[in-house]
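Results of the structural survey
If you want the building blocks of each chain, they are given just below.
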Amino acid sequence: MPLPRPLGSRAAHNALALTGAALLARRALRRRTAASPLWPLPALAEPVSGQPRTRALRLLVARHERVADGVVRLRLESTSRAPLPSWEPGAHLDLVLPSGLVRQYSLCGDPGDTSSYTVATRLIGPGDGGRGGSREVHEALAEGMEVEVRGPRNRFPLIGDAASYTFVAGGIGITPVLAMARAVDAAGADWRLLYCGRSRAAMPFLAELEELGGAAGRVRVVAEDESGRPDVGAFLGGAAAPAGAVYVCGPEGLMDAAARALPEGCSLHLERFAPAASAGGDSAFEVELRRSGRTVAVGPGTTVLAAVRAELPGLAYSCEQGFCGTCQHRVLEGEIDHRDELLTDGERADSMLICVSRALGPRLVLDL
């Protein structure tokens, strides 16, 4: 027969449990208050930052080959028999490198090939503005490795009803234009291409494009070591028909020259290597981090991303060029100076990429 328990033991046990629960609750409250001094104000919606904008795929590096001085081409194949997502000329992939960096590369293969994607990249050193991504593609990737890609996405689409097509490509800017030239040629459209580079040896896909242009002389090649800089104005003046579409991909100076020389009645379509500068300049402003209860100053020579990471060092980012979307954050108050090449008009209404975009006024409030 079990011995009777002492009177009051159940009450003592319950009291001990309540004391322990209260202690844990106080500790959790202290941690929660330290993390967000504004607590217990109503919770805000979940932030949008760091979320992949498209489904990620794991692909095999089936080919890694040099196709020009300083340029390698990658053939990325599906590891299963399932067809890859379709794409159209002008589209690009987000390539997640082994280090975690994300870089964007235009698709330059055959859109009809659903078993693989083809991209190419030029090696860019630190002295030319390189930040390590292209070197990693050239030196760290190898055939047989698997990589993660996101996309395809297309912010440089080829319109299908132009009276003519005029392409201007500088250096590695030929990659999206290559697929476009193939497409319009196959459709029997009127087209011309001005292809510029430092030297013929450094210009990828040159032989294919000259063959594609054929006897009609649709392709004009300008190598700077042979004939100096191209006369973009003269080329556009003689090549673009009224209601024609002009596509330009390359360095900023090349695109500026095309914009100045654009014939009347033609539409201009650009894809930049870097975010466009703003006519409003880089004035100083403040950014309030609403969730964290902190305010940071953003000077003329720094970015919102750099200023915020000084307070929140674990904040996710990658390309720092306004292309990948990793640092997209919701804006609760303030007027935004958008400088990215990614967000839609709807997304720009209440969010920004803090690696490149700034404030048009003295203050922004971010959902951070």
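How each quantity is defined
Residues numbered from 1 in each chain as written. Predicted model: local features only at pLDDT ≥ 70, side-chain atom pairs only at ≥ 80, totals over all residues. Heavy atoms only, no water. Pairing = 2+ DSSP bridges. Helix = DSSP H or I, 4+ residues; strand = E, 2+ residues; numbered from the N terminus. Axes fitted to C-alpha atoms, helices over the stretch in contact; angles between N-to-C directions. Contact = heavy atoms within 4.5 Å. Salt bridge = Lys/Arg side-chain N within 4 Å of Asp/Glu carboxyl O. Buried < 20%, exposed > 50% of the residue type's maximum accessible area, 1.4 Å probe, protein only. pLDDT = per-residue confidence, 0-100.

1. Looking at the pairing of strand 11 (residues 267-272)
In the sheet, strand 10 (residues 245-250) pairs with strand 11 via six bridges, with the strands oriented parallel. Of the residues in strand 11, the one forming a bridge with valine 246 is leucine 268.

2. Focus on the sheet that holds strand 7 (residues 165-170)
Taken in spatial order, the five strands line up as 9-8-7-10-11 in an open sheet, and their pairing is parallel. In this open sheet, the two edge strands, each paired with only one partner strand, are strand 9 (219-223) and strand 11. Strand-to-strand twist in this sheet, taken as the mean axis angle between neighbours without regard to direction, amounts to 10 degrees. Two strands pair when backbone bridges link them, and strand 7 and strand 10 are joined in this way by five bridges, in the parallel orientation. Counted as the bridge partner of tyrosine 165 is alanine 245 from strand 10. This element, helix 3 (residues 174-186), spans strand 7, strand 8 (191-197), strand 10 and strand 11 of the sheet and lies at about 155 degrees to strand 7. Of the strands in this sheet, strand 7, strand 8, strand 10 and strand 11 touch helix 7 (residues 252-261), which is tilted by about 160 degrees from strand 10.

3. Focus: the pattern of salt bridges
Where side chains of opposite charge bring their charged atoms close, a pairing between them can arise. Within this structure, the stated rule accounts for 26 salt bridges. Measuring nitrogen to oxygen at the nearest pair gives 2.2 Å for the salt bridge that ties glutamate 288 to arginine 363. Here glutamate 288 is found in strand 12 (residues 285-289), whereas its partner arginine 363 is found in strand 18 (residues 363-366), with 75 residues between them in sequence. Residue class for glutamate 288 comes out buried when judged on its relative accessible area of 14%. Among the ionic contacts, a cluster of salt bridges with common partners joins Asp282, Asp337, Arg339 and Arg358.

4. Structural notes on the confidence of the model for the chain
Across the chain, the average pLDDT comes to 85, with 82% of residues at 70 or higher. Mean pLDDT values over the elements of the chain span from 59, in helix 1 (residues 9-35), up to 97, in strand 5 (residues 116-122). In the predicted structure, residues 35-44 sits below a pLDDT of 50 and forms 14 contacts with residues beyond four places in sequence or in another chain.

5. A closer look at unusual backbone geometry
Residues glycine 151 and proline 152 are joined by a peptide bond in cis, for which omega reads 5 degrees. Turning to its location among the elements, proline 152 is positioned in strand 6 (residues 146-153). Backbone geometry places phenylalanine 205, a non-glycine residue, at a positive phi of 65 degrees.

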